[in-house]
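# Analysis of the macromolecular model
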Amino acid sequence: MMLPRIIPCLLLKDKYLYKTIQFKKPVYIGDPINAIKILNEKQVDELIFLDINASSQNKAPNFEMIENIASECFMPVCYGGGIKSIADIKKILSLGVEKVLISSFAVENPTFIKEASCIFGSQSIVVCIDVKKIFFGKYEVMIHNAKKKTGLDPLGFALKAQEMGAGELIINSIDR
């Protein structure tokens, strides 16, 4: 029997950790390095850091912060937020991060998933799909921190991301 893997997902905003409710009302909860030290002690299996404003504010990844995070972690790290180029991925992976997470840019440019997975391998590419319930039990993919509707069906996009080479998918419920 496989044991469950513990993979906390921490939300970054302006170099600090935040908690949100339905992608709104961010509340400060602390310093990422302190959280990493606690999670190192708890021996979590992997850690995901998401810069929640990078894509919606068109900001590039904060490479200095990413390097600090990667140097403190005793577990594999995945980083997402503001990734829009192969050069971004190359730089992030060179800093000690094992995986990159692409969300809004993957929806806007699905061929980027294929390009990235061909260069870095599917095991390094994670696609996050933010979904929101719309009506009659249907769901829609949202981007830019749930500020922009896409009209895409989550299952259809998940299959496309897999076909394009995503090694992992994260489905993120905006409603929950």
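It should be noted that the structure appears before, not after, this text.
Quick caveat, the model's predicted, so the values are computed rather than measured. (Residues numbered from 1 in each chain as written. Predicted model: local features only at pLDDT ≥ 70, side-chain atom pairs only at ≥ 80, totals over all residues. Heavy atoms only, no water.)

## Examining a nonpolar patch on the surface
On the surface, a nonpolar cluster with roughly 370 Å² of combined accessible area is contributed by Ile134, Phe135 and Phe136. Within the secondary structure layout, Phe136 lies in the loop between β7 (125-133) and β8 (139-143). (Patch = residues over 30% accessible without salt bridge, like charges linked within 9 Å, V, L, I, M, F, W, Y side chains within 5 Å. Areas by Shrake-Rupley, 256 points an atom, 1.4 Å probe, with all protein chains shown as cover. Salt bridge = Lys/Arg side-chain N within 4 Å of Asp/Glu carboxyl O. Helix = DSSP H or I, 4+ residues; strand = E, 2+ residues; numbered from the N terminus.)

## Here's the deal with the packing of helix α5 (residues 111-120) against helix α6 (residues 154-164)
One way to put it is that α5 packs onto α6 with a least axis distance of 8 Å and a crossing angle of 30°. Taken together, the axis directions place α5 and α6 in an arrangement best described as roughly parallel. Here α5 and α6 pass one another in a crossing that is right-handed. On α6, the residues that touch Thr111, Ile113, Lys114 and Ser117 of α5 are Phe157, Ala161 and Met164. Classifying every residue of the contact of α5 with α6 gives four nonpolar, two polar and one charged. (Axes fitted to C-alpha atoms, helices over the stretch in contact; angles between N-to-C directions. Parallel < 35°, antiparallel > 145°, perpendicular 65-115°, else oblique. Left-handed = near helix turned anticlockwise from the far one by under 90°. Contact = heavy atoms within 4.5 Å. Nonpolar A, V, L, I, M, F, W, Y, C, P; charged D, E, K, R; others polar.)

## Here we look at the packing of helix α3 (residues 86-94) against α5
Between α3 and α5, the shortest axis-to-axis distance is 10 Å and the interhelical angle comes to 40°. Comparing their axes, α5 and α3 come out oblique. The element α3 and its partner α5 pack so that their crossing is right-handed. Along its contact with α3, which presents Ile86, Ile89, Lys90 and Leu93, the element α5 presents Phe112, Glu115, Ala116, Ile119 and Phe120.

## Observations concerning the layout of surface pockets
The volume enclosed by the largest pocket comes to roughly 470 Å³. As for the largest pocket, its lining consists of 28 residues, and the residues nearest its centre are Phe23, Leu50, Ile52, Asp130 and Asn172. Elements with a contribution of two residues or more to the lining of the largest pocket: β2 (16-21), β4 (47-51), β6 (99-102), α4 (104-108), β7 and β10 (168-173). For the lining of the largest pocket, the residue count by class is twelve nonpolar, 13 polar and three charged. (1 Å grid on protein atoms, 1.4 Å probe; cavity = no way out; pocket = protein on both sides within 12 Å on 5 of 7 lines; lining within 4 Å. Points joined across faces, edges and corners; volume = space filled by probe spheres on them.)

## Thoughts on the side chain of Asn40
Relative to the helices and strands, Asn40 is located in helix α1 (residues 32-42). At 2.8 Å, the side chain of Asn40 forms a polar contact with the backbone oxygen of Glu72. Setting aside residues no more than four positions away along its own chain, Asn40 makes contact with Glu72, Cys73, Phe74 and Met75. (Polar contact = N/O pair within 3.5 Å; in protein donor to acceptor, adjacent residues only side chain to side chain.)

## Things to note about unusual backbone geometry
Comment: phi is negative for the bulk of residues other than glycine, and the bulk of peptide bonds are trans. Residue Phe23 is not a glycine yet carries a positive backbone phi of 65°. Mapping Phe23 onto the fold places it in the loop between β2 and β3 (24-30). Relative accessible area serves as the criterion here: at 18%, Phe23 is assigned to the buried category. (Buried < 20%, exposed > 50% of the residue type's maximum accessible area, 1.4 Å probe, protein only.)

## Some points on the pairing of β7
Among the nine residues in β7, seven count as buried, and that is most of the element. Across three bridges, β6 lies against β7 in parallel orientation. Among the inter-strand pairings, Leu101 is bridged to a residue of β7, identified as Val126. Bridge count for β7 against β10 is six bridges, and the pairing is parallel. (Pairing = 2+ DSSP bridges.)

## Side note on the packing of aromatic side chains
Evaluation of the coordinates by the stated rule reveals four aromatic pairs. Aromatic side chains Tyr16 and Tyr28 sit 5.8 Å apart centroid to centroid with 70° between the ring planes, which places their arrangement in the edge-to-face category. A residue pair is termed long-range when its members are at least 10 positions apart, and Tyr16 in strand β2 and Tyr28 in strand β3 qualify at twelve residues. Take Tyr28: its relative accessible area is 48%, and that puts it in the partly exposed class. The ring of Tyr18 is capped by Lys13, whose NZ or CZ atom sits 4.8 Å from the centre of that ring. (Phe/Tyr/Trp six-rings, centres within 6.5 Å; stacked < 30°, edge-to-face > 60°. Lys NZ or Arg CZ within 6 Å of the ring centre and 35° of its normal.)

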